[in-house]
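A look at the structure
Residues per chain, in single letters:
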Amino acid sequence: MPRGLTPQLSDLKETIEGYARGYGLDFFETIFELVTYDELNMVAAYGGFPNRYPHWRWGMEYEQLSKGYEYGLSKIYELVINNDPTYAYLMESNAEVDQKLVMAHVYGHADFFKNNFYFQHTNRRMIDEMANHATRIRRWVDKVGIEKVEDFIDRGLSLENLIDYHSPYIRRNPDPRRAEEEDKSNERVEGFRVGREYMRGFVNPTEFLEQQRKKVLDEKQRKKQFPERPQRDVLLFLLEHAPLEPWEFDILATLREEAYYFAPQGQTKIMNEGWASYWHSKIMTQKALKDEEVVDYADHHSGTMGTRPGALNPYKLGIELFRDIEERWDKGRFGKEWDECDDLRARRAWDRKLGLGREKIFEVRKHYNDVTFIDTFLTAEFALEQKLFVYGFNDKRNSWEILDREFRKVKSKLLTQLTNFGNPIIEVVDANFDNRGELLLAHKHDGQDLKQDYARETLKNVATLWHRPVNLVTRVEGKGLALRFDGQSHSEKKVEL
Amino acid sequence: MSLKIHQDHGRFKQIVRGKIKANLRRYVQKGEMLGKRGKDTISIPIPFIDIPHFKYGHREQGGVGQGEGDVGQQLSPGAVQPGDGQQAGQGEGEHALEVDVSLDELATILGEELLLPNIERRGKEQVVAQRIKYTGVHTTGPESLRHFKRTYKQALRRQIALGTYDPARPVIVPTREDRRYRSYRLQQLPETNAVILYMMDVSGSMGDEQKEIVRIESFWLDTWLRHQYKGLQCRYLIHDAVAREVDRDTFFHTRESGGTMISSAYKLCKDIIQADYPSASWNIYPFHFSDGDNWSADDTRHCVEMLKADILPHVNQFAYGQVESPYGSGQFIKDLRESVGELDNVALSEIADKDAIYQSIKDFLGRGK
């Protein structure tokens, strides 16, 4: 079981925390727990939490982590939970320099969790909440049996990315009261324009008006679909309208809540890791590092920052981008004048000595998420300097290769990948499709096809929740395709989009 | 110490077991897993167990990378991991998941799936091992086995009863009578001995494909019999016109040319049994693999005589597997079927190709001999 810190580590924590506050980082109280590698693997498998509902997926995760660790292939360095107080874990067997590094990194995350806008709606008592979820689901297990519950969780998890990642921040559906008023105003039918008031009765007799009114109403009724407009939060839609048993409802609602809790961490991966790395590097190199620890620190830091050609390292991209922003705002490399200057030499020597960098990055960490972060701050110079490229699969040569280094393409590819947290956008379009109570989902195609086998399996899971056939309209290789699962078998047909 | 995760881990293993069971027929045909054998575990690649999501196909997707290289340059294989751009390090994608399964577990699965009966052992159960088992608590015993907690409780109980226990100064002094010791009992573990004698025809007509089949089949036979008998021994005999004993490695890799005299192998087999394995205390399993081409009818007759007189009376089961080969006549199994096929400790099986291994294992082990 987790233990408190040793006196030595406790002192270390005080020191690092002092440094972090000294730099202006602002975080909830942060509690470090000392764990063995096995416990760390467990907690990591549970997504950072000490207690989760029973599910084999954690077991699989644990198996992989344990193997990775035992074979010396991978090692978890930091693990920190967005909670108040913030919890983080230290591995017993780590050397002191590692512990310092982890602490410094954790304070970066803690500051980000507390201040970034996208985390504002998250439950800061999630540790307790997760434990409650675990208890609740265990209770359902006792009542209906592990097989049924686990099976249902599998289905629920299969749909966990079908949530509306922006819904905590915007209002999708108009205020129902206002909508009602609009309805009323529409119901008034004016009839033909009447020049003279006394002619009204003749031009628009009451029967005629009545008829017109009915026509309008019918029209509206016909147009009225359910849901009225496509709904992106498929999970919510199923919760509200699918014929679920009470236990099914409860579990699905729980899964949805957890998905929303984790969503901001996915939406800010690059920023979050970049920010934490920026600060561990600052704190370690400027304050905490002892001479004899430099080599070990450099080894671990560069290990974290390492890049491979076929994958983008969020730590690396994040830290570099934050540093770039700091430099640009320090030197005044922004604004109209900068943008319009195309004299390379002038640009290179540009330094207005503004010193606004630190202030700017604190502002950035507060208001941005990965998409807006990249969109706003990834410049052509940066992409060039960081050697970013777009890669793709070459069918002829049957291998991955570098496709392009052009800035615009790199940026747009990156943004596409990050949009909607890298998930396809699927919406509920019609809950009474074909007037047969079937569910119609639509994939908003943005140039990338769905993975077919997965889509079919997922559709099957939707169908078991909906208890009626389910259809998905998507596009495959440029052609419209409707997938359908009717409870027994899959079918598909071409559709015009 | 037990962690909460072990429950989930257990569930996961159960699922994996189910997957292996469902795909057993495929594994049985495949040789690739044999290379991944550890001391007593084996790595089995199983299709990645994943929860399906609506997600993009990775091939169409491509991505953004970082590093040197010109446009058009290939990325090194393995550089691109599916599932990037989402959560890094989540390991999603088309990886096969490799799980370690103990050979014992694998044998159990094999047994359940093929409905193999447990083997009725022969011979005296020899006592081979003694094991110490702690079974209770006594008032006497060596100090090294003193049960501290029980001793303390006993002393506490006595002191409270005597009224000498002072809650303000809770000092407990155990006397000789208070002391408790762990006590043990010696358990005797009966064990039986077993030996497999593998014989294989290595004459020119047995090609690589045929040997591969033998190799795979012998792995499963090994696994099952090892599960049934602790301390199973294996002996390997190869023969063409003459027979000799070799080690395992040579057994599977030797290729001779020349004729085939099956009797030479049976003679060697008989000699080994007589010399090393008295049938009273040994369970003996000769397995012979050949393409069924023997030198002459005379030799075959000689084989049958030897089988009847010297081998069959001493062994649990004699098994002959005939691997189909383009050169062999396949006559031998017919001769055996006629002469000894009726006997209940003879198992004969024709293995046409890798698909047939599954059935052949069943033929060999299905009788519980």
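Residues numbered from 1 in each chain as written. Chains lettered and ligands numbered in written order. Predicted model: local features only at pLDDT ≥ 70, side-chain atom pairs only at ≥ 80, totals over all residues.

Time to look at the overall build of chain A. Within chain A one finds 21 helices and ten strands. The dimensions of chain A, computed from C-alpha atoms along their principal axes, are 100 × 70 × 55 Å. Put simply, chain A has 497 residues, and 38% of those count as buried. Pairs at least 24 residues apart make up 70% of the contacts formed inside chain A by residues separated by at least 6 positions. (Helix = DSSP H or I, 4+ residues; strand = E, 2+ residues; numbered from the N terminus. Buried ≥ 20, exposed ≤ 12 C-beta atoms within 10 Å, placed from the backbone. Contact = placed C-beta atoms within 7 Å.)

The next point concerns unusual backbone geometry. Residues and elements named next belong to chain A. In this model, Asp84 is joined to Pro85 through a cis peptide bond whose omega is 0°. Topologically, Pro85 is positioned in the loop between strand 2 (80-81) and strand 3 (86-91). Residues other than glycine seldom take positive phi values, yet Asp434 does so here, at roughly 60°. Counting through the fold element by element, Asp434 comes out in the loop between strand 6 (425-433) and strand 7 (438-444). On the basis of neighbour count, Asp434 is assigned to the exposed category, with 10 C-beta atoms found within 10 Å.

With that settled, the discussion passes to helix 5 (residues 126-144) of chain A. Residues and elements named next belong to chain A. Over its 19 residues, helix 5 extends 26 Å from the first C-alpha to the last, a length consistent with the 27 Å expected when each residue adds 1.5 Å. Of all the residues in helix 5, the buried ones are Met126, Met130, His133, Ala134, Ile137 and Trp140. Across the axial projection of helix 5, the buried residues extend over an arc of 125°, all falling on one side. Exposed positions of helix 5 whose direction lies more than 90 degrees from the buried face are Asp128, Thr135, Asp142 and Lys143. Considering only its buried residues, helix 5 is in contact with strand 2, helix 6 (146-158) and helix 11 (246-267). (Expected span 1.5 Å × (residues − 1). Arc of directions from axis to C-beta.)

Now for the pairing of strand 5 (residues 399-404) of chain A. Two faces belong to every sheet, and in a regular strand the side chains alternate between them. Residue and element names in this part refer to chain A. With five bridges joining them, strand 4 (residues 388-394) and strand 5 adopt antiparallel strand pairing. When the sheet's bridge partners are listed, Gly392 is paired in strand 5 with Glu401. From the end of strand 4 to the start of strand 5, which pair antiparallel, there are four residues, and Asn398 there has a positive phi angle of about 55°. (Pairing = 2+ DSSP bridges.)

All names here are of chain B. When you line up the elements, Tyr184 lands in strand 5 (residues 181-191). Looking at Tyr184, the number of C-beta atoms within 10 Å reads 15, which means it is partly exposed. With 170 residues separating them in the primary sequence, Tyr184 and Lys354 have C-alpha atoms 52 Å apart. Beyond its immediate stretch of four places on either side in the chain, Tyr184 contacts Ile132, Lys133, Tyr134 and Thr135.

Quick look at helix 1 (residues 5-22) of chain B now. Residue and element names in this part refer to chain B. For helix 1, with 18 residues, the first-to-last C-alpha span of 26 Å sits near the 26 Å given by 1.5 Å per residue. Among the residues of helix 1, those classed as buried are Ile5, Asp8, His9, Phe12, Val16 and Ile20. Down the axis of helix 1, the sector holding all buried residues measures 125°, keeping them to one side. The exposed residues of helix 1 that point more than 90 degrees off its buried face are Gly10, Gln14 and Ala22.

The biggest cluster of nonpolar side chains holds 115 residues, and the ones touching the most others in it are Ala104, Tyr107 and Trp279 of chain A. With ten residues, the top contributor of residues to this core is helix 4 (residues 96-115) of chain A. Leu103, Leu197, Leu225 and Leu268 of chain B belong to the second-largest nonpolar core, a separate cluster that totals 65 residues. (Core = buried A, V, L, I, M, F, W, Y, C linked by C-beta atoms within 7 Å.)

This next bit is on the domain arrangement of chain A. Domain annotation of chain A identifies domain 1 (7-116 + 268-295), domain 2 (306-418) and domain 3 (424-494). On a C-alpha basis, the centres of domain 2 of chain A and domain 3 of chain A stand 37 Å from each other. (Domains from an automatic or database assignment.)

Glancing now at the interface of chain B and chain A. With 45 residues of chain B in contact, the opposing surface of chain A contributes 58 residues. Within the residue set of the side of chain B that touches chain A, elements represented by two or more residues are helix 1, helix 3 (58-61) and strand 2 (63-66) of chain B. Looking at the side of chain B that touches chain A element by element, the count peaks at eight residues for helix 1 of chain B. Within the side of chain B that touches chain A, the residues separate by chemical class into 15 nonpolar, 21 polar and nine charged. Pairing between strand 4 of chain A and strand 2 of chain B: four bridges, direction antiparallel. Each bridged residue has a counterpart across the sheet, and for Tyr391 of chain A the counterpart in strand 2 of chain B is Gly63 of chain B. (Nonpolar A, V, L, I, M, F, W, Y, C, P; charged D, E, K, R; others polar.)

Moving on: the packing of helix 14 (residues 314-331) of chain A against helix 17 (residues 357-367) of chain A. All names here are of chain A. Helix 17 packs onto helix 14 with a crossing angle of 135° between their chain directions and a minimal axis gap of 7 Å. As judged from the angle between their axes, helix 14 and helix 17 are oblique. Seen along the crossing, helix 14 lies across helix 17 with a hand that is right-handed. Residues Phe322, Ile325, Glu326, Glu327, Trp329 and Asp330 of helix 14 touch helix 17, and the partners they reach there are Gly357, Arg358, Lys360, Ile361 and Val364. Taken together, the residues that form the contact of helix 14 with helix 17 break down as five nonpolar, one polar and five charged. (Axes fitted to C-alpha atoms, helices over the stretch in contact; angles between N-to-C directions. Parallel < 35°, antiparallel > 145°, perpendicular 65-115°, else oblique. Left-handed = near helix turned anticlockwise from the far one by under 90°.)

Another aspect to go through is the confidence of the model for chain B. The predicted structure's coordinates, where accompanied by low pLDDT, should not be read in detail. Residues and elements named next belong to chain B. On average, residues of chain B score 81 in pLDDT, and 86% of them reach the 70 mark or higher. Here helix 3 stands out as the least confident element of chain B, with mean pLDDT 62; helix 5 (residues 148-162) is the most confident, with 92. Contacts from residues 82-94, a stretch scored under 50 in pLDDT, to residues over four places away or in other chains number 21 contacts. Both scores are available for the predicted complex, with the pTM at 0.75 and the ipTM at 0.80. (pLDDT = per-residue confidence, 0-100.)

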